[in-house]
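Overview (structure and organization)
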Amino acid sequence: EVAQIAARFEDLRVTLGILYKAVEQGAKAFDQIKVFATQSVFSVEDLTASVVKLKAAGLDPTIEQLQRFADVASVSADSVGALQAITDLYARTTAGGLGLEDLNRLADRGIPVFTILSDKLGINRLEISKLGQTAEGAAVILGALEEGLDEAFGGARAARVGTLSQAFSNLQDALQNAADAMGQAGFGQALTDISNSIKSFVEGNENFIKFVGGALGGAISFLIDN
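Residues numbered from 1 in each chain as written. Predicted model: local features only at pLDDT ≥ 70, side-chain atom pairs only at ≥ 80, totals over all residues. Heavy atoms only, no water.

1. Comments concerning the pattern of salt bridges
Scanning the entire structure with this criterion turns up 14 salt bridges. For the salt bridge of Asp-150 with Arg-68, the shortest nitrogen-to-oxygen distance reads 3.0 Å. Within this pair, whereas Asp-150 is found in helix α9 (residues 135-153), its partner Arg-68 is found in helix α4 (residues 63-74), the two being separated by 82 residues in sequence. Between Asp-88 and Arg-105 there is a salt bridge, with its nearest N and O atoms 2.5 Å apart. Placement of Asp-88 in helix α5 (residues 79-93) and of Arg-105 in helix α6 (residues 100-107) is noted, with a sequence separation of 17 residues between them. Residues joined in a network through salt bridges with shared partners are Arg-13, Lys-34 and Asp-180. (Salt bridge = Lys/Arg side-chain N within 4 Å of Asp/Glu carboxyl O. Helix = DSSP H or I, 4+ residues; strand = E, 2+ residues; numbered from the N terminus.)

Laid out in structure tokens, this is it:
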């Protein structure tokens, strides 16, 4: 399990390095995500997926933004689904519009987005749909939504500190971070080297492997016949 975690984290670190166009910057971003994961109900993989999606959409995600996402998602019965929904909302808005579908995904998970927008902007769903068709309108909606979400759920993540579920989540994150540290310290490279060596041996000894297979097959046939 340590090897599997180390391998997954290495892949995530490489992905961020590609998106940030610098190995060091990607590694720094990943380290920040690891620290934040131990303070939230989300795993490193969940948070990294959110950052990757935002970065791929042309945004520069920050820890403050992840904190807002975590506050909002913390009040949902489907925390991971809410995190994915709010991430998609931000990512797709950069394309120049904001649709009801993304708002509905948040609403379906118990986030009162339409109530917030009605209070902040005084518009209904149909008007939200029309306003969100332009980049300027989408920016207005997103700004009002951010303000309303901060007012309604700011600090919600902190309210879960001390709960059993939070303790389990933080313990799992800490253990995964420890596995990643082991992998980076040389364990991962050693496993990589031995895996490549075994692969080379297998590829270079196909005839011997066939011979072993034939011998085993003959032995089993002899056993059955007798």
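2. Some points on the packing of aromatic side chains
Each aromatic ring pair is specified by the distance between its two centres and by the angle formed by the two planes. Enumeration according to the criterion identifies two aromatic pairs in this entry. Sitting over the ring of Tyr-20, Lys-55 keeps its end group 4.4 Å from the ring centre. The aromatic ring of Phe-114 is capped on one face by Arg-125, whose charged end is 3.8 Å from the ring centroid. (Phe/Tyr/Trp six-rings, centres within 6.5 Å; stacked < 30°, edge-to-face > 60°. Lys NZ or Arg CZ within 6 Å of the ring centre and 35° of its normal.)

3. Description of the packing of helix α2 (residues 23-37) against helix α3 (residues 44-56)
One can describe the packing of α2 onto α3 by two numbers: an axis separation of 9 Å at closest approach and a directional angle of 135°. In terms of axis orientation, α2 runs oblique to α3. Helix-helix and strand crossings are classified by hand; for α2 and α3 the assignment is right-handed. Contact residues: α2 offers Phe-30, Ile-33, Lys-34, Phe-36 and Ala-37, while α3 offers Val-44, Leu-47, Thr-48 and Val-51. Here the contact of α2 with α3 is built from residues that sort into seven nonpolar, one polar and one charged. (Axes fitted to C-alpha atoms, helices over the stretch in contact; angles between N-to-C directions. Parallel < 35°, antiparallel > 145°, perpendicular 65-115°, else oblique. Left-handed = near helix turned anticlockwise from the far one by under 90°. Contact = heavy atoms within 4.5 Å. Nonpolar A, V, L, I, M, F, W, Y, C, P; charged D, E, K, R; others polar.)

4. Focus: the environment of Gln-172
Among the secondary structure elements, Gln-172 is positioned in helix α11 (residues 164-204). Between the C-alpha atoms of Gln-172 and Thr-38, which are 134 residues apart in sequence, the distance is 8.4 Å.

5. Considerations on the environment of Phe-187
Tracing the backbone through its elements, the reader meets Phe-187 in helix α11. On a C-alpha basis, the gap between Phe-187 and Ala-3 in space is 8.1 Å, while along the polypeptide they are 184 residues apart. Setting aside anything within four residues of it in sequence, one finds Phe-187 in contact with Val-2, Ala-3 and Met-182.

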